[in-house]
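For reference, the chains in residue letters:
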Amino acid sequence: MPSSVLNVTVDCADPYTLCRFWSQVTGKPMPDTDQPGDEEVGFELNDGTNLLFIRVPEPKTVKNRLHLCLQPDVPRDEEVERLLGLGATLYDDLRNPDGTGWVVLADPEGNEFCVLRSAAERAATS
């Protein structure tokens, strides 16, 4: 029988703060038992997979080898603005004049992630 992914783990300096950011990004609640200062915190995504944040002593120094790609329910550009308001920063803008493309953002600790077009936007340009 094949293996299942239980956790996607993010090394970070401040697990609670980064987990709170990603909880707001995904709309998934953090457990009440997670507290500031915890060494490990996380929450469950849609399918039983957990997004887990673990404190490590070293800072992020290079581009991620693994990243998340988000497909919002709202238009891509609207979601990008919301995420910037939550504390993300613009890393690379790969949007095209015809509305295709994506945006690469970085979370508060510099981990890159992509914001793709919504399903409705993709269907409208197919």
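Residues numbered from 1 in each chain as written. Predicted model: local features only at pLDDT ≥ 70, side-chain atom pairs only at ≥ 80, totals over all residues. Heavy atoms only, no water.

Give a detailed account of the packing of aromatic side chains, specifying residues and quantitative values.
For the coordinates displayed, the defined rule picks out 4 aromatic pairs. Where Trp-22 meets Phe-113, the ring centres are 4.8 Å apart and the plane angle is 70 degrees; that geometry is what we call edge-to-face. Here Phe-113 lies in strand S7 (residues 112-115) and Trp-22 lies in helix H1 (residues 15-26), a separation of 91 residues in the sequence. Like Phe-113, Trp-22 is buried. Clustering of aromatic rings is evident, with ring pairs tying together Phe-21, Trp-22 and Phe-113. (Phe/Tyr/Trp six-rings, centres within 6.5 Å; stacked < 30°, edge-to-face > 60°. Helix = DSSP H or I, 4+ residues; strand = E, 2+ residues; numbered from the N terminus. Buried < 20%, exposed > 50% of the residue type's maximum accessible area, 1.4 Å probe, protein only.)

For the sheet that holds strand S1 (residues 7-12), give the residues involved together with the corresponding values.
Read from one edge of the open sheet, 3 strands run S1-S3-S2, paired in mixed fashion. In the strand order of this sheet, the two ends are held by S1 and strand S2 (40-44), each with one partner. Neighbouring strand axes in the sheet, compared pairwise and without regard to direction, differ in orientation by 20 degrees on average. Looking at chain direction, S1 and strand S3 (residues 50-55) are connected through 6 bridges and run parallel. (Pairing = 2+ DSSP bridges. Axes fitted to C-alpha atoms, helices over the stretch in contact; angles between N-to-C directions.)

Hey, could you go over the sheet that holds strand S6 (residues 101-106) for me, with residue numbers and the actual values?
Where strands meet in a sheet, backbone hydrogen bonds hold them as pairs that are either parallel or antiparallel. The 4 strands lie next to each other as S4-S7-S6-S5, forming an open sheet whose pairing is mixed. The open sheet has two edge strands with one neighbour each: strand S4 (69-70) and strand S5 (89-95). When S4 meets S7, the two strands line up parallel, connected through 2 bridges. Of the residues in S7, the one forming a bridge with Leu-70 is Val-115. Seen against the sheet, helix H2 (residues 76-86) touches S4, S5, S6 and S7 and runs at an angle of roughly 5 degrees to S6. (Contact = heavy atoms within 4.5 Å.)

Tell me about the nonpolar core, residues and numbers included.
With 21 residues, the main nonpolar core has Trp-22, Phe-43, Phe-53, Leu-83, Leu-105 and Phe-113 as its most contacted residues. For this core, the secondary structure elements donating two or more residues are S1, H1, S2, S3, H2, S6 and S7. Contact partners of Phe-53, with chain neighbours within four places excluded, come to Val-10, Cys-12, Pro-15, Leu-18, Cys-19, Trp-22, Glu-39, Glu-40, Val-41, Gly-42 and Phe-43. (Core = buried A, V, L, I, M, F, W, Y, C linked by side-chain atoms within 4.5 Å.)

Tell me about the layout of surface pockets, and name the residues and values.
Each pocket or cavity is described by its volume, and for the largest pocket that value is around 600 Å³. Taken together, 27 residues make up the lining of the largest pocket; nearest its centre are Thr-9, Val-10, Asp-11, Asn-64 and Asn-111. Going through the elements one at a time, S1, S3 and S7 are the ones with two or more residues in the lining of the largest pocket. With 5 residues, S1 is the single largest residue contributor to the lining of the largest pocket. (1 Å grid on protein atoms, 1.4 Å probe; cavity = no way out; pocket = protein on both sides within 12 Å on 5 of 7 lines; lining within 4 Å. Points joined across faces, edges and corners; volume = space filled by probe spheres on them.)

A description of the UniProt feature "domain: Glyoxalase-like" (unreviewed entry) in the protein should follow, citing residues and the corresponding values.
In the UniProt entry, the feature "domain: Glyoxalase-like" (unreviewed entry) is given for residues 8-116. A helix fraction of 21% and a strand fraction of 32% characterise residues 8-116, whose end C-alpha atoms lie 20 Å from each other. (UniProt positions renumbered as here; feature names shortened; annotations may be inferred.)

Please provide a residue-by-residue account of H1, values included.
An ideal rise of 1.5 Å per residue puts 16 Å on 12 residues; H1 measures up with 16 Å between its terminal C-alpha atoms. Listing the buried residues of H1 in full gives Pro-15, Tyr-16, Leu-18, Cys-19, Phe-21, Trp-22, Ser-23 and Val-25. Packing partners of the buried residues in H1 comprise S1, S2, S3, S4, H2 and S7. Positioned one or two residues after H1, Gly-27 has a phi angle of 75 degrees, which is positive. (Expected span 1.5 Å × (residues − 1).)

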